Amino acid sequence: MSIAAEVMQVRRPEFTLAAHGKTLPAERTGWLTPTDPAIGVDAIRRCYQDDGYVWLKGLLPKAGVIDFRRWVFEHLAETGLVESGSDFSLGIASAGGFDRSLADRRLMSLVRSAAYEGFCAQPPLTRFMDDFLQGISYLHKRKLMRFIQPGSPTATPAHYDLVYLRGGTSRLVTAWIPIGDIPTEMGGLVYLEGSHALGVKMEAEFRATSGDLSPEERISAYNSHMAEGGWVSKDLPDMAKRFDTRWLAADYEAGDVVLHSPYMIHASTINQDRSRRLRLSTDIRYQNVDDEIDVRWNNHWSLGDML
């Protein structure tokens, strides 16, 4: 580990992270270790295997990410979500209410658009994933894009992704892409340090106790052996204490891409941005095209699709 990476690990986020009514104590938080894509794919793959994630700095052209952010909020503006007359690339939330139903419908349209597909399949990312997966990469059709308002209590509980993708290979890779800068106060993804090993153990325990379930129930995150919604926990401080580890955060920038293992436990925190910026991100899944594909992910994302 470089000296710079060691400093990042020792230094803790200055902003208090919070989710589901609880704040993370400083001693249970730390920083993700950034990785320069220029170190080469073999070294990147080793980092991913060792840590369960790799935070790739500037993998994508920053200007293109900002342009796409502007495009998204331009198409959401009619819902009242964005401050009238503001620069859409800033994504400033309106002070008043907005039409949630219309925004949800518009978001479902955007994830079906050629522009969004092109953003997710842009050449720098596609070429990298081919190299990373050592073959032809397959991008799942079901892809998620989310916006989170400042001051909203919305935060994703702790989970690992394989819970929702059990119908195919376990050799999956999630790419989480901040669409714009997402400093810690905006509540981007946080990762439970070293938890890819915990996820493997939890999944093995599930398989050992799921013999009474039908094949359909076994692959569902909503079966009787799982917690509500497939979540591991909503209590992030308790998880860090229980496993004697830390939640790792980051000041993400436009152009960054985070890859994480399907066993890596992660969550998000609430958006506390004082400039009232909307958090916008997308999470997409890759695998080698020759591996078994979960057919449930061969459809576009729809709200309430139970995945």
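Refer to the preceding data block for the structure.
So, here is what we can say about the structure in this document. Being a predicted model, the structure only gives us computed values, none of them experimental.

### A short note on the overall build of the protein chain
Reasoning step 1: When helices and strands are counted, the protein chain shows 9 helices and 13 strands.
Reasoning step 2: Its C-alpha atoms give the protein chain a radius of gyration of 19 Å, near enough to 19 Å, the size a compact globule of 307 residues would have.
Reasoning step 3: Dimensions along the principal axes, computed over C-alpha positions, put the protein chain at roughly 55 × 45 × 40 Å.
Reasoning step 4: Evaluated residue by residue, the protein chain yields a buried proportion of 54% over its 307 residues.
Reasoning step 5: A separation of at least 24 residues holds for 80% of the contacts in the protein chain among residues at least 6 apart in sequence.
Reasoning step 6: When the accessible surface of the protein chain is summed, it comes to about 13,300 Å², and 52% of that surface belongs to carbon and sulfur atoms.

### Section: the environment of His159
Reasoning step 1: Residue placement: His159 occurs in the loop between strand S7 (144–148) and strand S8 (173–178).
Reasoning step 2: Separated by 72 residues in sequence, His159 and Trp231 place their C-alpha atoms 4.9 Å apart.
Reasoning step 3: If we ignore the near neighbours within four places in the chain, the residues touching His159 are Tyr164, Gly230, Trp231, Val232, Met264, Ile265 and His266.

### Some remarks on helix H7 (residues 195–209)
Reasoning step 1: Here H7 spans 21 Å end to end across 15 residues, near enough to the 21 Å set by a 1.5 Å rise per residue.
Reasoning step 2: Listed as buried for H7 are Ser195, His196, Leu198, Gly199, Met202, Glu203 and Phe206. Relative to the axis of H7, the buried residues are bounded by an arc of 150° and lie together on one face. Exposed and oriented more than 90 degrees from the buried face of H7 are Lys201, Arg207 and Ala208.
Reasoning step 3: Residues of H7 that are buried make contact with helix H2 (41–51), strand S9 (189–192) and helix H8 (215–218).

### A closer look at the pattern of salt bridges
Reasoning step 1: Summed over the entire model, instances satisfying the criterion amount to 20 salt bridges.
Reasoning step 2: Ionic pairing is found between Asp67 and Arg70, a salt bridge with its closest N-O pair at 2.8 Å. Residue Asp67 and its partner Arg70 are located together in helix H3 (residues 62–76), separated by 3 residues, close to a single helical turn.
Reasoning step 3: Accessibility expressed as a relative area gives 45% for Asp67, which makes it partly exposed.
Reasoning step 4: One salt-bridge network, in which partners are shared between bridges, spans Arg146, Asp161, Asp283 and Arg285.

### Some details on the packing of H2 against helix H6 (residues 123–133)
Reasoning step 1: Two elements in contact, H2 and H6, have axes separated by 10 Å at closest approach and are oriented at 70°. If you check the angle between H2 and H6, you find them roughly perpendicular. The handedness of the crossing between H2 and H6 is right-handed. Together, Val41, Ile44, Arg45 and Tyr48 of H2 and Phe128, Asp131 and Phe132 of H6 make up the contact between the two elements.

### Thoughts on the sheet that holds S9
Reasoning step 1: The sheet built from 4 strands is open, its strands ordered S3-S10-S9-S12 with mixed pairing. Of all strands in the sheet, those with a lone pairing partner are strand S3 (29–31) and strand S12 (266–268), marking the two edges. Strand-to-strand twist of the sheet, defined as the mean angle between neighbouring strand axes without regard to direction, takes the value 35°.
Reasoning step 2: Relative to S12, S9 is paired through 3 bridges, and the arrangement is antiparallel. If you follow Leu189 over to S12, its bridge partner there is Ser268.

Thresholds applied
Residues numbered from 1 in each chain as written. Predicted model: local features only at pLDDT ≥ 70, side-chain atom pairs only at ≥ 80, totals over all residues. Heavy atoms only, no water. Helix = DSSP H or I, 4+ residues; strand = E, 2+ residues; numbered from the N terminus. Rg over C-alpha atoms; globule rule 2.2 N^0.38 Å. Buried < 20%, exposed > 50% of the residue type's maximum accessible area, 1.4 Å probe, protein only. Contact = heavy atoms within 4.5 Å. Areas by Shrake-Rupley, 256 points an atom, 1.4 Å probe, with all protein chains shown as cover. Expected span 1.5 Å × (residues − 1). Arc of directions from axis to C-beta. Salt bridge = Lys/Arg side-chain N within 4 Å of Asp/Glu carboxyl O. Axes fitted to C-alpha atoms, helices over the stretch in contact; angles between N-to-C directions. Parallel < 35°, antiparallel > 145°, perpendicular 65-115°, else oblique. Left-handed = near helix turned anticlockwise from the far one by under 90°. Pairing = 2+ DSSP bridges.

By themselves, these observations are geometric and do not establish any function.
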